[in-house]
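# Survey of secondary and tertiary structure
Here are the chains, one letter per residue:
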Amino acid sequence: EAGEPMRGHVVLDAGELRVGIVGISEMDDPRTPAEGVTAPADPIAAAGEAVEAARAEGAELIVVLATTSRRVARRIATSVEHVDFVVQGSLDEAEASPPASTEGGVVIHAGRQGQGLLVIDLAIGGEGAARWVDASRWTREEERAHLEAEAASLRSRIEAWEGDESV
């Protein structure tokens, strides 16, 4: 219900897809100190338990909403099985960062304290199809900037080699 702290996970229908939403926090919930709601001692293990519970309820896609450090959010994405996305809303950065693909789920930052807005368009393919392909303009621009910087660095090294008679 509205106003109550999230109790681990919820499974919702989004069209034909069952989506599991898992909430994990490293911090005590400031809204309910009298009720004794505290952060889990091991947020990775707590995320794993909540993900498995959501999967047991039929969740096909898992989104973890994490109020954690970057390190913990990344560990959830890489070490908790079946996690598709980790949305980290606890960073104090004005702008959201581009998605970061890991060996597991994709880590997404929602801007300053989760106040930013993220939109993720997913197209679910057939059997064997990739579950997530990042085709956003944002990521393409980041990749282009990275490749341009790398090309400039290589051009600079080549110029240095061409001017060095010992090469």
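Residues numbered from 1 in each chain as written. Predicted model: local features only at pLDDT ≥ 70, side-chain atom pairs only at ≥ 80, totals over all residues. Heavy atoms only, no water.

Of the regular secondary structure elements, the protein holds three helices and six strands. Reading the helices (α) and strands (β) of the protein from amino to carboxyl end gives β-β-α-β-α-β-β-β-α. In the protein, which comprises 167 residues, the proportion classed as buried is 28%. Looking at the protein alone, contacts between residues at least 24 apart form 48% of all its contacts between residues at least 6 apart. Total accessible area on the protein is roughly 11000 Å²; 50% of this is exposed by carbon and sulfur atoms. (Helix = DSSP H or I, 4+ residues; strand = E, 2+ residues; numbered from the N terminus. Buried < 20%, exposed > 50% of the residue type's maximum accessible area, 1.4 Å probe, protein only. Contact = heavy atoms within 4.5 Å. Areas by Shrake-Rupley, 256 points an atom, 1.4 Å probe, with all protein chains shown as cover.)

Turning our eyes to something else, we now look at the environment of Arg74. Structurally, the position occupied by Arg74 is in helix H2 (residues 70-79). For Arg74, a relative accessible area of 40% gives the class partly exposed. Separated by 31 residues in sequence, Arg74 and Gly105 place their C-alpha atoms 8.5 Å apart.

Phi angles above zero are rare outside glycine, and His82 is one such case at about 80 degrees. By the element assignment, His82 lies in the loop between H2 and strand S4 (85-88). Owing to a relative accessible area of 31%, His82 belongs among the partly exposed residues under this scheme.

Across the protein, the average pLDDT comes to 78, with 65% of residues at 70 or higher. Taking the mean pLDDT of every element in the protein, the minimum, 70, falls on strand S5 (residues 100-101) and the maximum, 93, on helix H1 (residues 43-56). Considering only residues more than four positions removed or in separate chains, one finds that residues 1-6, a stretch of pLDDT under 50, has nine contacts. (pLDDT = per-residue confidence, 0-100.)

On the surface, Ile158, Trp161 and Val167 cluster together into a nonpolar patch covering about 320 Å² of accessible area. As for its position among the elements, Val167 is in the segment after helix H3 (137-162). A relative accessible area of 64% means that Val167 is categorised as exposed. (Patch = residues over 30% accessible without salt bridge, like charges linked within 9 Å, V, L, I, M, F, W, Y side chains within 5 Å. Salt bridge = Lys/Arg side-chain N within 4 Å of Asp/Glu carboxyl O.)

Moving on, we get to the side chain of Gln88. Relative to the helices and strands, Gln88 is located in strand S4. A distance of 2.6 Å separates a polar side-chain atom of Gln88 from the backbone oxygen of Thr68. (Polar contact = N/O pair within 3.5 Å; in protein donor to acceptor, adjacent residues only side chain to side chain.)

What follows is about H1. With 14 residues, H1 should reach 20 Å at 1.5 Å per residue; the first-to-last C-alpha distance of 20 Å fits that figure. For H1, the set of buried residues is Pro43, Ile44, Ala46, Ala47, Ala50, Val51 and Ala54. Across the axial projection of H1, the buried residues extend over an arc of 160 degrees, all falling on one side. In this structure, H1 carries Glu49 and Ala56 as exposed residues pointing more than 90 degrees from its buried face. (Expected span 1.5 Å × (residues − 1). Arc of directions from axis to C-beta.)

As a further point, take the nonpolar core. The biggest cluster of nonpolar side chains holds 21 residues, and the ones touching the most others in it are Ile62, Val64, Ile76, Val83 and Val86. By residue number, the principal contributor to this core is H1, which donates six residues. Grouped together as the second largest cluster of nonpolar side chains are eight residues, Leu17, Leu61, Val106 and Ile108 included. (Core = buried A, V, L, I, M, F, W, Y, C linked by side-chain atoms within 4.5 Å.)

Across the interface, H1 lies against H2 with an axial gap of 10 Å and an inter-helix angle of 40 degrees. What the angle tells us is that H1 and H2 run oblique. Pair H1 / H2 crosses with right-handed handedness. Of H2, the residues touching H1 (which contributes Pro43, Ile44 and Ala47) are Val72, Arg75, Ile76 and Ser79. (Axes fitted to C-alpha atoms, helices over the stretch in contact; angles between N-to-C directions. Parallel < 35°, antiparallel > 145°, perpendicular 65-115°, else oblique. Left-handed = near helix turned anticlockwise from the far one by under 90°.)

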